[in-house]
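Residues per chain, in single letters:
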Amino acid sequence: MLHRTLTICTLLLGGSASAATPEMTIERIFASPDLSGPTLRQAELSPAGDRVTFVRGRDEDRDLMDLWEYHIGDGETRRLVAADEVVEDEGELSAEEQARRERARIAALRGIVEYRWSGDGRFLIFPLGGDVYVLDMSAEEREVRQVTASEDFDTDPKISPNGVHVAFVRNRNLMIARIEDGEETALTEDGDELVSNGMAEFIAQEEMGRSTGYWWSPDSRHIAFLRVDESPVELTLRYEIEAGSIRIIEQRYPFTGTPNITYRLGVVNIDDGSTRWIDLGDNEDIYIPRVDWLPDGERLSFQRQSRDQKTLELILVDLDSEVQQVLLTETTETWINLHDDLHFLKNLPAFIWSSERDGYNHLYLYSTEGELLRQLTAGPWDVDALKGVDEEMGMVYFTAAEVSPLEKHLYRQSLITHSPENVTRITRRSGWHNVRMDASARVFVNNYSSTEQPPQLSLHSAEGERMAWLIENRIGADHPYAAFRAGHRPTEFGQLVGPDEQILHYRIIRPSGFEQGKRYPVFFHVYGGPTHRLATNSWSRRALIDQYMARKGYLVFTLDNRGIVRQGRAFQDAAYLQLGRIEMIDQMIGMDWLKTQDFVDPERIGIFGWSYGGYLALMAAAQYPGEFAAAVSVAPVTDWALYDTHYTERYLGTPQDQPEAYRQGNVLTYADQIRDPLLLIHPMADDNVLFTHSTLLMQALQEQRIPFDLMTYPGEKHAIAGTNQRVHVYEMISRFLDGHLGMAVEER
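Worth saying up front: this structure is predicted, and the values here are computed from it rather than measured.

### A look at the overall build of the protein
Next, step 1: Per the secondary structure count, the protein includes 14 helices and 45 strands.
Next, step 2: A globule of 748 residues ought to have a C-alpha radius of gyration of about 27 Å, and the protein, at 26 Å, matches this closely.
Next, step 3: Considered along the principal axes of its C-alpha atoms, the protein spans approximately 80 × 60 × 60 Å.
Next, step 4: For the protein, the proportion of its 748 residues judged to be buried stands at 61%.
Next, step 5: In the protein, once contacts between residues fewer than 6 apart in sequence are set aside, the share between residues at least 24 apart is 59%.
Next, step 6: Within the structure as shown, the protein displays about 29100 Å² of accessible surface, and the carbon and sulfur contribution to it stands at 45%.
Next, step 7: For the protein, the distance from the average position of its 73 positive side-chain charges to the average position of its 117 negative side-chain charges is 5 Å.

### A closer look at the nonpolar core
Here is a general trend for soluble globular proteins: nonpolar side chains tend to be buried in one another's company.
Next, step 1: Formed by 96 residues in total, the largest nonpolar core has its most connected members in Tyr-263, Phe-302, Phe-524, Phe-557 and Trp-640.
Next, step 2: Sorting elements by how many residues they give to this core places helix H9 (residues 612-623) first, with nine residues.
Next, step 3: Split by domain, this core shows at least three residues from each of two domains, domain 2 (187-338) and domain 3 (485-741).
Next, step 4: Contact partners of Phe-524, with chain neighbours within four places excluded, come to Phe-557, Gln-587, Met-591, Leu-594, Ile-605, Gly-606, Ile-607, Phe-608 and Phe-628.
Next, step 5: Within the second largest apolar cluster, 37 residues are counted, among which are Phe-484, Ile-545, Ala-550 and Val-727.

### Details of the pattern of salt bridges
Next, step 1: Using the criterion set out here, one finds 49 salt bridges in the structure.
Next, step 2: Among the salt bridges present, the one from Glu-240 reaches Arg-247, with a minimum N-O distance of 2.5 Å.
Next, step 3: The partner of Asp-586 in a salt bridge is Arg-562, and the shortest N-O contact between them spans 2.9 Å. Taken as a pair, Asp-586 in helix H8 (residues 582-595) and Arg-562 in the loop between strand E40 (555-559) and helix H7 (569-573) lie far apart in primary sequence, 24 residues in all. Here Asp-586 and Arg-562 have matching classes, each one buried.
Next, step 4: Bridged by salt links that share partners, the residues Asp-50, Arg-51, Glu-69, Asp-74, Arg-78 and Arg-142 form one connected network.

### Some remarks on the domain arrangement of the protein
Next, step 1: Domain annotation for the protein reports domain 1 (38-179), domain 2 (187-338) and domain 3 (485-741).
Next, step 2: Placing the centre of domain 1 and that of domain 3 at their C-alpha centroids yields a distance of 37 Å.
Next, step 3: Contacts between domain 1 and domain 3 engage eight residues on the former and eight residues on the latter.
Next, step 4: Taken together, both faces of the contact between domain 1 and domain 3 bury some 620 Å²; the carbon and sulfur share is 38%.

Calculation rules
Residues numbered from 1 in each chain as written. Predicted model: local features only at pLDDT ≥ 70, side-chain atom pairs only at ≥ 80, totals over all residues. Heavy atoms only, no water. Helix = DSSP H or I, 4+ residues; strand = E, 2+ residues; numbered from the N terminus. Rg over C-alpha atoms; globule rule 2.2 N^0.38 Å. Buried < 20%, exposed > 50% of the residue type's maximum accessible area, 1.4 Å probe, protein only. Contact = heavy atoms within 4.5 Å. Areas by Shrake-Rupley, 256 points an atom, 1.4 Å probe, with all protein chains shown as cover. Lys, Arg positive; Asp, Glu negative; His and termini not counted. Charge placed at Lys NZ, Arg CZ, Asp CG, Glu CD. Core = buried A, V, L, I, M, F, W, Y, C linked by side-chain atoms within 4.5 Å. Domains from an automatic or database assignment. Salt bridge = Lys/Arg side-chain N within 4 Å of Asp/Glu carboxyl O. Buried area = accessible area lost by both parts, 1.4 Å probe.

Listed below in structure tokens is the structure:
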């Protein structure tokens, strides 16, 4: 264990910005080098704990990712693999890989966008240009070796725990190849347009947080995999409108209330290729959100979620006897949130599980017979995620909102605690700590940021002592943001009280040159969807857009409404069967508060949102006409009947069972009330929130002869990831709001 502090890639030099602060532009926000500093992703500790690897964008091209390491022993940071030295031209991605990257929100990235360690720490594996490559970390002369070479596209590669084989998916079939000589074996052969093996289905990727469809056993003898049959899902036509053509795509999109895919869970023997099928029960209309092996490699667990998402069962299967046991069952009157907090202990017949049963998400210890041994954490706050377990020391590590929903911190607790409410906080700096621990939970990598500090990457002992900076990223003289630092506007946080006495957290950024006695226009930035908060003490590119608007003279305001995670179940459950209504009640509390402030011009408040935020921006304009001076909606849902099963039914049930909830949550129900200036924006190849959502609204507004502005983006998906298109969309938003809100500050 190191006990010294190292500085590696310190963007130090605490110099001040020049006296003349340059103008921040949207073009500069999206240009290279990244204003936030080095673009880092997927920081991982090696299995041996001797190095940290990560992918990093280049200074001259932040979207081109290379593979890097920080070596703990010598304190050096070095590039391991330059993507374009392995494959000069990646070519066009397969349709499935494009969709997978869109689901993972990495559609704009190129090069090495993902990688994995082998269990023994010898190999690093990554896909590039449709083939699979490995880097042998044990060789003196490290060379990248190509494992697969096919005209088809290989995805989701994983090395067996013993380091002998790599598994991957090709043409919707599960394959393995021997690393030593590349010899390939097909483990399934029935993959086609309707059937896939080992692939995460659309719903799993988009809504369930599962990006894979297969799992190596710990002894490397078997692979568990899901066989997905899409034939029950209705075939629909989706139109991807490019600049000079229209692609008509046949897609089996699971619209809410319609049939879903069906599963089979198989376990294939690597030696002889035989597959045994696990009994999933009589009801085929289910979800299989998670599959996990037990450490002995002889037992397998899977989670079975009911179609209405009110029941979740954890089931244990003994592969030899095929005997199944339901270890626990979670039930609720609303919906169950999925998680990745299942951890089977190696040295004890027990496992860790998280549950919201007491009103907040907390950790519990169970025996492998399904007996609750003890609650590990407790209190009026939510655990975010289990991060590591040190069985030798008897400690469990997790991140949580114990300080505040505005912040994320790392904590520890004893596995034998009798005081679950007494937890030890490890991270101390106010802000947002995204943590990854090593397998033994002795060290962790901390990706930290706050509203004042762009992301920093550091290595720490389990006690919290910083062992090394990987990327210190201080805003010194050489930092890309240095020229803009002097004009950076501080973020203020506050609380309002909702109708049911719940606390509503908000954040405000006051405009440049703020003066008492003057009133300012408001950039009301909304998201409001159940899975994500905006009012957090963290740094993001979205926050740079807010900084840009504040520099222009806007007061920036964001409020997190009921229905959102990290404030307990009662706060979330208020949104059940109430989408589009409960959020707006809370957002209007924020609006009413703004109008009472003597620094706000109540006649110049404009609302903006993207995706779910776009939906609420439309609801604001439609349900509360005259309240907002202008509204901007990007890629919005308008009719929940056009969205997918797992997400929509979680909050609204099915259209057949809850028609009134769907009617009241439909923007089109209120569209004829829209009177204020509206800018509607939608990418024309969106495969998440289909372009149809906006065309229906266009028609409804046209039939009522209601004027609105429109901007569409040919060929773009939900995130509008094209380099110039990203700049264009925000410049369009800025011009629209400037035109309708004006930037002159009036005297009171």
